[in-house]
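# Examination of the molecular architecture
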Amino acid sequence: MKIALVQLAVSATKADNLNRATQLVSRAAKEGAKLVSLPECFNSPYGTSYFPEYAEKIPGASFDSLSSMAKENQVYLIGGSFPEEDNGKLFNTCCVFNPKGEMIAKHRKIHLFDIDVPGKIRFQESETLSPGNSFTTFDTPYCKVGVGICYDIRFPELAQVYAKLNCKLLVYPGAFNMTTGPAHWELLQRGRALDNQLYVATVSPARDTGAKYVAWGHSTVVNPWGEVIATTEHQETILYADIDPAYVEEVREQIPTRKQKRDDMYTLDWKKS
Ligand SMILES: O=C(O)CCC(=O)C(=O)O
């Protein structure tokens, strides 16, 4: 399965973001991608002050454009994320569409990005957002896919649950920054891939040095062996990679850690279906 990660240059003008996303998803489909992902906050700048201003209901205008992009291009589309308003609460939400344009999954970021690294970066998503409470997977003809958003990648348990649910690809639309990006972005992705012996893809917005929050870029795909098989710098681009579900099985046969876990000593205990 050829996948495409759209490292979109996100501006403060929502209509421009939607137009640009529409063009790039169409280009990716013409290049043969069967699954396309947009980045976190693909239609608004990233920042707690922007979330209330750009938030939309689901369904709503951005939802409708995403659905059309999937349908017109006959692709599975992971719609990055946008701020969602529901019953007076805001969420950082990713909608996933099948090639008919139907929404088949919706992920609300589970782990909110609240950090404070003195002198470097303080960010408190919880100032305006509420967390989601469910796991998000969907089926494609090629393999099952698990979805997380950005900070969700720091929690190995989530990836482990997805691996147990038989996902062979995890996709994290995300927007790391100039402090944690160079330090942790690729390391986390390779860690999740190797621990769980599956593919991991991360999709960032392009870097805008004039923005309040400067994204790291570097959208990347890692294979089940822990190798980076596709990556890029920080400019707007489409990154392509081939996902081979048979290779997941091959690696799992070669190094059968999944069968060697000591369930008599520890287990992964999860509380939601
Ligand atoms: O975990 C990080 O360092 C960055 C996370 C982030 O930017 C996000 O969750 O949006």
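Residues numbered from 1 in each chain as written. Predicted model: local features only at pLDDT ≥ 70, side-chain atom pairs only at ≥ 80, totals over all residues. Heavy atoms only, no water.

The chain appears in an unreviewed UniProt entry as omega-amidase from Magallana gigas. Under the heading Sequence similarities (unreviewed entry), UniProt records this for the chain: "Belongs to the carbon-nitrogen hydrolase superfamily. NIT1/NIT2 family." (UniProt positions renumbered as here; feature names shortened; annotations may be inferred.)

In this structure the tally under the stated criterion is 14 salt bridges. In this structure, the salt-bridge partner of Arg122 is Asp116, at a minimum N-O distance of 4.0 Å. Of the residues examined, Arg122 reaches a relative accessible area of 53% and is grouped as exposed. Of the charged contacts, one joins Glu186 and Arg190 as a salt bridge, the two residues approaching to 4.0 Å between their closest N and O atoms. Within this pair, Glu186 and its partner Arg190 are both found in helix α5 (residues 180-196), separated by four residues, close to a single helical turn. Residue Glu186 is classed as partly exposed on the basis of its relative accessible area, which comes to 36%. Via salt bridges that share partners, Glu84, Asp86, Lys106 and Arg108 belong to a single interconnected network. (Salt bridge = Lys/Arg side-chain N within 4 Å of Asp/Glu carboxyl O. Buried < 20%, exposed > 50% of the residue type's maximum accessible area, 1.4 Å probe, protein only. Helix = DSSP H or I, 4+ residues; strand = E, 2+ residues; numbered from the N terminus.)

Looking now at the pairing of strand β1 (residues 2-7). The two faces of a sheet get side chains in turn, since along a regular strand they alternate between them. Of all the six residues making up β1, five are buried; the element is thus mostly covered by neighbouring parts of the structure. The sheet contact formed by β1 and strand β2 (residues 35-37) spans three bridges and is parallel. When the bridges of β2 are listed, Leu5 appears paired with Ser37. Each parallel crossover has a hand, and the one from β1 via helix α1 (residues 14-30) to β2 is right-handed. (Pairing = 2+ DSSP bridges. Right-handed = clockwise from strand over helix to strand, strands pointing away.)

Another aspect to go through is the UniProt feature "domain: CN hydrolase" (unreviewed entry) in the chain. Under the UniProt annotation, "domain: CN hydrolase" (unreviewed entry) lies at residues 1-245. Taken end to end, residues 1-245 is 25% helix and 29% strand, and its two terminal C-alpha atoms sit 9 Å from one another.

Glancing now at the packing of α1 against helix α3 (residues 61-73). The N-to-C vectors of α1 and α3 enclose an angle of 15 degrees; their axes lie 10 Å apart at closest approach. Considering their axes alone, α1 and α3 lie roughly parallel with respect to each other. Where α1 crosses over α3, the handedness of that crossing is right-handed. Each of Lys14, Leu18, Ala21, Thr22, Val25, Ser26 and Ala29 in α1 lies in contact with α3, whose residues at this interface are Ser62, Ser65, Met69 and Asn73. Its residues assigned to classes, the contact of α1 with α3 shows five nonpolar, five polar and one charged. (Axes fitted to C-alpha atoms, helices over the stretch in contact; angles between N-to-C directions. Parallel < 35°, antiparallel > 145°, perpendicular 65-115°, else oblique. Left-handed = near helix turned anticlockwise from the far one by under 90°. Contact = heavy atoms within 4.5 Å. Nonpolar A, V, L, I, M, F, W, Y, C, P; charged D, E, K, R; others polar.)

Here the focus is the environment of Ser81. Among the structural elements, Ser81 can be located in the loop between β3 (76-78) and β4 (82-86). In this structure Ser81 comes out as buried when scored by relative accessible area, which is 0%. Once you skip the residues sitting within four places of it in the chain, Ser81 turns out to touch Pro39, Glu40, Cys41, Phe42, Asn92, Thr93, Cys94 and Ile149.

This part takes up the site of the ligand. Around the ligand, a shell composed of Glu40, Tyr46, Lys109, Phe113, Cys150, Tyr151, Arg154, Ala175, Phe176, Thr180 and Tyr213 is seen. In this structure, Lys109 approaches the ligand through a side-chain N or O atom, which is 2.6 Å from an oxygen atom. Within the side chain of Thr180, an N or O atom sits 2.6 Å from an oxygen atom of the ligand. The class makeup of the residues in the shell around the ligand is seven nonpolar, one polar and three charged. (Near = heavy atom within 4 Å. Polar contact = N/O pair within 3.5 Å; in protein donor to acceptor, adjacent residues only side chain to side chain.)

Another point: the nonpolar core. In terms of nonpolar packing, the biggest core is built from 42 residues, with Ile3, Phe138, Leu169 and Val221 touching the most fellow members. Tallying contributions element by element places strand β11 (residues 167-173) first for this core, with five residues. Contacts of Ile3, omitting those with residues within four sequence positions, involve Ala33, Leu35, Leu169, Ala201, Val221, Leu239, Tyr240, Ala241 and Ile243. (Core = buried A, V, L, I, M, F, W, Y, C linked by side-chain atoms within 4.5 Å.)

In a regular helix each residue adds 1.5 Å, so 17 residues correspond to 24 Å; α5 covers 23 Å between its end C-alpha atoms and thus fits that length. Within α5, the full set of buried residues consists of Thr180, Gly181, Trp185, Leu188, Gln189, Arg192, Ala193 and Asn196. Considered in projection along α5, the buried side chains sweep an arc of 120 degrees and stay on one side of the axis. Remark: Gln197 follows α5 within two positions and exhibits a positive phi of approximately 55 degrees. (Expected span 1.5 Å × (residues − 1). Arc of directions from axis to C-beta.)

It is worth spelling out the side chain of Thr136 at this point. Here Thr136 is to be found in the loop between β8 (121-124) and β9 (137-139). For Thr136, a relative accessible area of 3% translates into the label buried. Separated by 2.7 Å, the side chains of Thr136 and His107 make a polar contact. Leaving out residues up to four positions away in the same chain, Thr136 has contacts with Ala105, Lys106, His107, Val145, Gly146, Val147 and Tyr162.

Note on placement: Ser130 falls in the loop between β8 and β9. If sequence neighbours within four positions are ignored, Ser130 has contacts with Lys89, Leu90, Phe91 and Leu112.

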